[in-house]
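# Chain and residue survey
Now for the letters of each chain:
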Amino acid sequence: MRVFDSNWMQIADYLERDDRIVLPIGSTEQHAYLSLGTDALLAERVSVEAAEPLGVPVLPVLPFGMAPYFTEYPGSMSLRISTYIEVMRDLLDGLASQGFRRIAVVNGHGGNSPIAGLIREWVCRPREHRVQVLFHSWYNAPKTAEAASRFDDDQFHGSWLENFAWTRVAGVEIPSGSAPVIPRSMANDVTAREMKELSPDGSLGGAYQRSDEDMQIVWDAGVAEVRELLEKGWLDQ
């Protein structure tokens with residue numbers, strides 16, 4: 001149910017029987033040896049796989065987020081928080097005006113987490129019909145994090161945790177070892193230039209890769225958790 005695979009009349013027909021929709025959000029930023037689109041690719045794919053059996057439409061991923069700490073790495077993009085808030089507000093307003101009453105925002109980038117505050121404010125605005133908005137960071141949700149922790153407690157940006165077959169870049173050889181772990185407290189308090197000095201290749205630490213069999217277990221947990229959210233995460237109307 002990718003929205004891009006539908007025309008507007010099909011979506012209008014869908015709204016006659018259901019009011020759910022998924023909005024994936026990600027980022028375009030360095031991920032060491034992985035694709036610059038890793039966060040966006042994963043957010044959209046986990047949404048599509050989760051929503052497909054339910055027949056819930058999935059919007060194209062919003063590929064730009066807030067990543068000011070990575071802007072020294074060429075190709076990385078970052079929106080100001082004020083810009084991002086207004087983009088998200090416009091998207092939510094548009095969906096609500098069309099009749100969507102249950103909107104799942106599936107997030108693939110930690111830097112986008114402040115948007116949860118906007119969502120909290122947005123749902124409290126008086127409106128004729130109640131609109132529910134769920135904000136779900138799929139990669140560190142409880143069941144997905146539990147699945148990942150079976151293999152390695154070091155789960156950092158640009159490391160094995162984001163290394164799936166669909167986030168790898170053709171022709172790029174990924175190291176087999178590990179990168180030094182940059183303490184989270186330090187990573188959260190450095191400038192973009194300091195970040196690039198701390199992590200020349202872009203990995204914030206831990207193993208660069210694990211087997212595809214291990215990664216499939218993590219992925220399956222992520223898909224199942226998003227699907228459960230779409231099925232059972234709503235308040236009774």
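Here is a short report on the structure shown in this document. (Residues numbered from 1 in each chain as written. Predicted model: local features only at pLDDT ≥ 70, side-chain atom pairs only at ≥ 80, totals over all residues. Heavy atoms only, no water.)

### Comments concerning the packing of helix H2 (residues 38-51) against helix H8 (residues 212-232)
When two helices pack together, their arrangement is captured by the angle between the axes and the distance separating the axes. Look at H2 against H8: their axes get within 8 Å of each other, and the N-to-C directions meet at 60°. By the criterion of interaxial angle, the relationship of H2 to H8 is oblique. Where H2 crosses over H8, the handedness of that crossing is right-handed. From H2, Leu42, Arg45, Val46, Glu49, Ala50 and Ala51 reach across to H8, where they touch Trp219, Gly222, Val223, Val226, Arg227 and Leu230. Here the contact of H2 with H8 is built from residues that sort into eight nonpolar, one polar and three charged. (Axes fitted to C-alpha atoms, helices over the stretch in contact; angles between N-to-C directions. Helix = DSSP H or I, 4+ residues; strand = E, 2+ residues; numbered from the N terminus. Parallel < 35°, antiparallel > 145°, perpendicular 65-115°, else oblique. Left-handed = near helix turned anticlockwise from the far one by under 90°. Contact = heavy atoms within 4.5 Å. Nonpolar A, V, L, I, M, F, W, Y, C, P; charged D, E, K, R; others polar.)

### Some remarks on the pairing of strand E3 (residues 132-137)
With five of six residues buried, E3 lies mostly within the body of the structure. Where strand E2 (residues 102-107) meets E3, six bridges bridge the pair, whose relative direction is parallel. When the bridges of E3 are listed, Val105 appears paired with Phe135. Regarding topology, helix H4 (residues 115-123) serves as the crossover connection from E2 to the parallel E3, and that connection is right-handed. (Buried < 20%, exposed > 50% of the residue type's maximum accessible area, 1.4 Å probe, protein only. Pairing = 2+ DSSP bridges. Right-handed = clockwise from strand over helix to strand, strands pointing away.)

### Some remarks on the packing of helix H3 (residues 81-98) against H4
One way to put it is that H3 packs onto H4 with a least axis distance of 10 Å and a crossing angle of 40°. Classified by the angle between their axes, H3 and H4 sit oblique to one another. Note on packing geometry: the crossing formed by H3 with H4 is right-handed. Residues Tyr84, Ile85, Met88, Arg89, Leu92, Asp93 and Ala96 of H3 pack against Ile115, Leu118, Ile119, Glu121 and Trp122 of H4. Per-class residue counts for the contact of H3 with H4 are nine nonpolar, no polar and three charged.

### Focus on the environment of Glu49
Examined against the element boundaries, Glu49 turns out to sit in helix H2. Once the C-alpha coordinates of Glu49 and Val223 are considered, the two residues, 174 residues apart in sequence, prove to be 6.4 Å apart. Among all residues touching Glu49, those that are not within four sequence positions of it are Trp219, Val223 and Arg227. One polar contact links Glu49 to Trp219, side chain to side chain, over a distance of 3.0 Å. (Polar contact = N/O pair within 3.5 Å; in protein donor to acceptor, adjacent residues only side chain to side chain.)

### Looking at H4
Within the span of H4, buried status applies to Ile115, Leu118, Ile119 and Trp122. Angularly, the buried residues of H4 cover 100° about the axis, an arc narrow enough to put them on a single face. (Arc of directions from axis to C-beta.)

### Regarding the layout of surface pockets
Computed from the structure, the largest pocket encloses a volume of approximately 710 Å³. In terms of lining, the largest pocket is formed by 28 residues, of which the most central are Gly110, Tyr139, Phe156, His157 and Arg184. Breaking the lining of the largest pocket down by element, the ones donating at least two residues are H2 and helix H6 (184-187). By residue class, the composition of the lining of the largest pocket is 13 nonpolar, ten polar and five charged. (1 Å grid on protein atoms, 1.4 Å probe; cavity = no way out; pocket = protein on both sides within 12 Å on 5 of 7 lines; lining within 4 Å. Points joined across faces, edges and corners; volume = space filled by probe spheres on them.)

### Notes on the packing of aromatic side chains
Ring pairs (aromatic) are described by centroid distance and by the angle formed between their planes. For the structure on display, the rule yields seven aromatic pairs. Ring centres 5.3 Å apart and planes at 65° place the aromatic pair Phe164 and Trp219 in the edge-to-face group. On the criterion of sequence distance, the pair formed by Phe164 in the loop between helix H5 (142-149) and strand E4 (178-179) and Trp219 in helix H8 is long-range, its members being 55 residues apart. The burial state of Phe164 is the same as that of Trp219; both residues are buried. For Arg45, the ring lying beneath its charged end belongs to Trp166, and the centroid distance is 3.8 Å. (Phe/Tyr/Trp six-rings, centres within 6.5 Å; stacked < 30°, edge-to-face > 60°. Lys NZ or Arg CZ within 6 Å of the ring centre and 35° of its normal.)

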